[in-house]
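# Observations on chain architecture
Here is how the chains run, residue by residue.
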Amino acid sequence: QVQLVESGGGLVQAGGSLTLSCAASGRAIRASTMGWFRQAPGKERAFVASLLLRDRTTYYTDSVKGRFTISKDNAKNTLYLQMNSLNPEDTARYYCNFGFQAGATMRATGSWGQGTQVTVSS
């Protein structure tokens, strides 16, 4: 199975920016989509953004539209999440995964990595 290693998280002030990376390695799995999820303390993991591997169509949860951009570097087999205008509500541990698009969200089917923590201070 694939290994997914997230990086790029950190502490940032409200209004700041961060770019997260997700490096994939190992055996390929069947999937149509790669995407980002996040989990805040006391809450369930939630969809953030996804990208169709076939044509690079992107999807975002409403709260991040216009602020976050998902992209993929095929040569490096790395998924990115550029996050701008961050606010404290974005504070969460962020995870990437493979899966399948389901309407405006996605269903993750791979195993979860350790994620990377994003903390936005006010």
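Above this text is the structure in question.
So, here is what we can say about the structure in this document. Just so it is clear, the model here is predicted, and its values are computed rather than measured. (Residues numbered from 1 in each chain as written. Predicted model: local features only at pLDDT ≥ 70, side-chain atom pairs only at ≥ 80, totals over all residues. Heavy atoms only, no water.)

## Topic: the packing of aromatic side chains
Tallying each qualifying case throughout the model produces three aromatic pairs. Where F37 meets W112, the ring centres are 5.2 Å apart and the plane angle is 85°; that geometry is what we call edge-to-face. Taken together, the positions of F37 in strand β4 (residues 33-39) and W112 in the loop between β10 (105-108) and β11 (116-121) put the pair 75 residues apart, joining distant regions of the chain. Arranged with centres 6.0 Å apart and planes meeting at 80°, the rings of Y95 and W112 form a pair that is edge-to-face. (Phe/Tyr/Trp six-rings, centres within 6.5 Å; stacked < 30°, edge-to-face > 60°. Helix = DSSP H or I, 4+ residues; strand = E, 2+ residues; numbered from the N terminus.)

## A short note on the state of the cysteines
Inspection of every chain in the model, using the stated rule, returns one disulfide. Two residues, C22 and C96, share a disulfide whose sulfurs are 1.8 Å apart. Between C22 and C96 the disulfide shows an S-S torsion of about 60°. By sign, it is right-handed. Of the two residues, C22 is situated in strand β3 (residues 18-26) and C96 in strand β9 (residues 92-102); the sequence distance between them amounts to 74 residues. Each member of the pair, C22 together with C96, is buried. (Disulfide = S-S within 2.5 Å. Buried < 20%, exposed > 50% of the residue type's maximum accessible area, 1.4 Å probe, protein only.)

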